Amino acid sequence: MDDDGTEILTFDSLVLLLSYLPVTDLLNASLVRKTWNVAANTPSLWRCACRRRWLFFNSRAVCGSASWKEYFLWREKLEKSMASGIPGADFKCKSLRGHAGKISGLCYVGQRQVDVQPRELRSLVCSVCTDKTLRVWDVYEGTCLWRSPEQAAELTAVVSVPSLCLLASGSRSGHVSLWSAENGQCMASQLKPNPGVASMMSIEDKFRSILVGDWMGHLHVLSLPDLEIKHSATVFSDVRIDHIGLSSDKTLISLASKEDRSGSSLMIYPTEQVLHPPEDPREAVKLPLPVESFLAACWLPLRPARLAALFRDGIEQSVHIWDLQLKKDKYHTNINVAAVGNITPLNSFPPGLLSCWGESVIFTTSRSTLQMWNVFGKALSTFTHHREPITDIHVDCIRVATCAEDLSLHVYTWDQVPEGPATLSSCYSLLGGSKTMFRTFTKVVCDYSSIVGVVEGLDGKGVLKAYSFQI
């Protein structure tokens, strides 16, 4: 700026200059004068700041009226409170009681991305139980918003359908029910031909279906929102379907059974074929992967179709990773598969857990130890913060949370490394209660502002431990 107040730099040049500043200096620059304030609030500057700040970042997360600057400041403040984990100051803990049996399923109501307005920060979770009821809870207030009438049989699974604001539950008798997430009204119900719901998954967008795996190896496709059975297919013979997964690009579906011993306990199908089977069965395509004694599988979220599977091979456990691709031409449809890497050997007892993130990070467990690998089998980190076996892992773009039989949750956060391999730092532990009242943690789930774990009481009743972070 000249002595007479005339700007020397053009606006575009000023924005380019500000792009080299760290966030603290960028905020200070916005206070210089009106032109600088406008330039410092340019969305592209804050979008780049987000990408530099976080290794795992979904650009579609900024939605509604939220700006990139608002998102950056909101998430940074939230992560600071999550990283310190001081009770009362950073978070508050609530015990959500009411179920009279074992909690068999848990999910968040909807998949809230980012709400930068404090009034919008309302985390809701849904639990299903062997007491034959479904309940929806307000995590922050620690209250039950509604509960379903007692069903005919124990509930075994629950999934959320965010786009329709619905919840779907399954039971031992084979009933699948659809509930309004807002008021608990039963919108539809369907009894499958075969008993026992073992696994469920919702598919939205243009497909709008619920996939249900039963105890006899059959997959059922139900339409939304009326729950009409579109069709059923036999995947395994007389064994339950324990796993249903969808690739990141939504072109492939994985189905697996822990009980199958045929040598092909993990099957891959084209999504379109599962939802709309060809009229001629000879045109059907499936890919059995060479997996014996299946234990777990997950699709890596930042690759189109990269699958990791944990299985027992003799007395050892191994993880194999594949890249898959659906290929179509005028006359044929094929699933191409290429081996990426493997992780072996792992301790064989007790059976380990598997989770993944990004395009190359794999997590496994060995009793009380959490292990972090890349997809080529290189060990990245080992964490030993639990005293007893780990029972569940949750991984997202903000944190990794583990729960264990020692009645503790441990929280890790991703380090700020925009380039290079992902690294993780241990933050703190959250206690779930006393061994005089509770037996173990069985499950942990997280969203952007809360962590919820399931603890199993000595009396057989499940209790939710909800930790909501202050914004």
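In what follows, the structure referred to is the one given above.
Residues numbered from 1 in each chain as written. Predicted model: local features only at pLDDT ≥ 70, side-chain atom pairs only at ≥ 80, totals over all residues. Heavy atoms only, no water.

As for the packing of aromatic side chains
Scanning the model with the defined rule gives three aromatic pairs in all. For the ring pair phenylalanine 383 and tyrosine 412, a centre distance of 4.8 Å and an interplane angle of 55 degrees mean the geometry is tilted. Taken together, the residues phenylalanine 383 in strand E25 (residues 379-383) and tyrosine 412 in strand E28 (residues 408-414) connect sequence positions 29 residues apart. If you follow lysine 92 out to its NZ or CZ, it ends over the ring of tyrosine 140, 3.7 Å from the centre. (Phe/Tyr/Trp six-rings, centres within 6.5 Å; stacked < 30°, edge-to-face > 60°. Helix = DSSP H or I, 4+ residues; strand = E, 2+ residues; numbered from the N terminus. Lys NZ or Arg CZ within 6 Å of the ring centre and 35° of its normal.)

Examining the nonpolar core
Judged by nonpolar contacts, the single largest core of 33 residues is most densely connected at Leu18, Trp46, Phe363, Leu370, Val400, Trp414 and Leu424. The residues contacting tryptophan 46, other than those within four sequence positions of it, are Val23, Leu26, Leu27, Ala40, Asn41, Trp68, Lys69 and Phe72. If you look at the next biggest cluster of nonpolar residues, it comprises 18 residues, including Ile268, Val285, Ala309 and Ile335. (Core = buried A, V, L, I, M, F, W, Y, C linked by side-chain atoms within 4.5 Å. Buried < 20%, exposed > 50% of the residue type's maximum accessible area, 1.4 Å probe, protein only. Contact = heavy atoms within 4.5 Å.)

Remarks on the environment of arginine 135
Note that arginine 135 resides in strand E4 (residues 134-138). Since its relative accessible area comes to 10%, arginine 135 is described here as buried. Measuring from C-alpha to C-alpha, the distance between arginine 135 and proline 149 comes to 9.7 Å, with 14 residues separating the pair along the chain. Not counting residues within four places of it along the chain, the set of residues in contact with arginine 135 comprises Gly98, His99, Val125, Cys126, Ser127, Cys144, Trp146 and Arg147. In this structure the side chain of arginine 135 is engaged in a polar contact, spanning 3.1 Å, whose partner is the backbone oxygen of glycine 98. (Polar contact = N/O pair within 3.5 Å; in protein donor to acceptor, adjacent residues only side chain to side chain.)

Some words on the pattern of salt bridges
Scanning all chains against the criterion turns up eight salt bridges. Put simply, aspartate 323 and arginine 306 hold a salt bridge, and the shortest N to O gap is 2.8 Å. You can see aspartate 323 sitting in strand E20 (residues 316-328) and its partner arginine 306 sitting in strand E19 (residues 306-313), a full 17 residues away along the chain. Overall, arginine 306 belongs to the buried group, its relative accessible area being 9%. Here glutamate 388 ties to lysine 435 by a salt bridge, and the two come within 3.8 Å at their closest N and O atoms. In this pair, glutamate 388 is assigned in the loop between E25 and strand E26 (390-395) and lysine 435 in the loop between strand E29 (424-431) and strand E30 (438-446), connecting sequence segments 47 residues apart. Residue class for glutamate 388 comes out partly exposed when judged on its relative accessible area of 28%. Overlapping salt bridges bring together Arg303, Arg306 and Asp323 as one network. (Salt bridge = Lys/Arg side-chain N within 4 Å of Asp/Glu carboxyl O.)

Thoughts on the pairing of strand E31 (residues 450-457)
Among the eight residues in E31, eight count as buried, and that is most of the element. When E30 meets E31, the two strands line up antiparallel, connected through seven bridges. The residue bridging cysteine 446 from the neighbouring strand is isoleucine 451, located in E31. As consecutive antiparallel partners, E30 and E31 are separated by three residues. Taken together, the seven bridges between E31 and strand E32 (residues 462-469) define a ladder with antiparallel strand orientation. Pairing of glycine 453 across the sheet is with lysine 465, part of E32. With antiparallel pairing between neighbouring strands as the criterion, E31 and E32 make up a hairpin whose turn holds four residues, including glycine 460 at a positive phi of roughly 85 degrees. (Pairing = 2+ DSSP bridges.)

Geometry only, nothing functional implied.
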